Amino acid sequence: MRVWCADPAVAFEVKYDITEAIKKRFDAEGIEIPFAYQNVIVKSWPESAAAGKPDKKDENRE
């Protein structure tokens, strides 16, 4: 949704009020908005990382 206000100072308050009203209505109706998330699964770990040593390619960065 977009709203236009002539006064930028009022625009922030209007945006906040509309967002808050929508959130409260969604809560009242039991509507949840899922947020994207990502799981990272490490299947194997280099031995140098396990020992706390930088990889050879990391040594050249300094």
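Model, not experiment: these values are computed from the prediction.

Draft legend 1. How the structure looks around the overall build of the protein. Each helix and strand in the protein was counted, giving 3 helices and 0 strands. Going residue by residue from the N terminus, the α and β elements of the protein occur as α-α-α. A buried classification covers 0% of the 62 residues belonging to the protein. Taken as a whole, the protein presents about 6,700 Å² of accessible surface, with 56% of it coming from carbon and sulfur.

Draft legend 2. Up close: helix α1 (residues 8–29). With 22 residues, α1 extends 32 Å from end C-alpha to end C-alpha; this agrees with the ideal 32 Å at 1.5 Å per step. Structurally, the start of α1 carries an N-cap: the backbone nitrogen of A9 is 3.1 Å from a side-chain oxygen of D7. At the C-terminal side of α1, G30 shows a positive phi close to 75°.

Draft legend 3. Up close: the environment of R2. When you line up the elements, R2 lands in the segment before α1. Between the C-alpha atoms of R2 and K15, which are 13 residues apart in sequence, the distance is 8.7 Å.

Draft legend 4. Here's a closer look at the confidence of the model for the protein. Of the residues in the protein, 81% reach a pLDDT of 70 or more, and the chain-wide mean stands at 83. Ranking the elements of the protein by mean pLDDT puts helix α3 (residues 56–59) last, at 59, and α1 first, at 93.

How each quantity is defined
- Residues numbered from 1 in each chain as written.
- Predicted model: local features only at pLDDT ≥ 70, side-chain atom pairs only at ≥ 80, totals over all residues.
- Heavy atoms only, no water.
- Helix = DSSP H or I, 4+ residues; strand = E, 2+ residues; numbered from the N terminus.
- Buried < 20%, exposed > 50% of the residue type's maximum accessible area, 1.4 Å probe, protein only.
- Areas by Shrake-Rupley, 256 points an atom, 1.4 Å probe, with all protein chains shown as cover.
- Expected span 1.5 Å × (residues − 1).
- Polar contact = N/O pair within 3.5 Å; in protein donor to acceptor, adjacent residues only side chain to side chain.
- pLDDT = per-residue confidence, 0-100.

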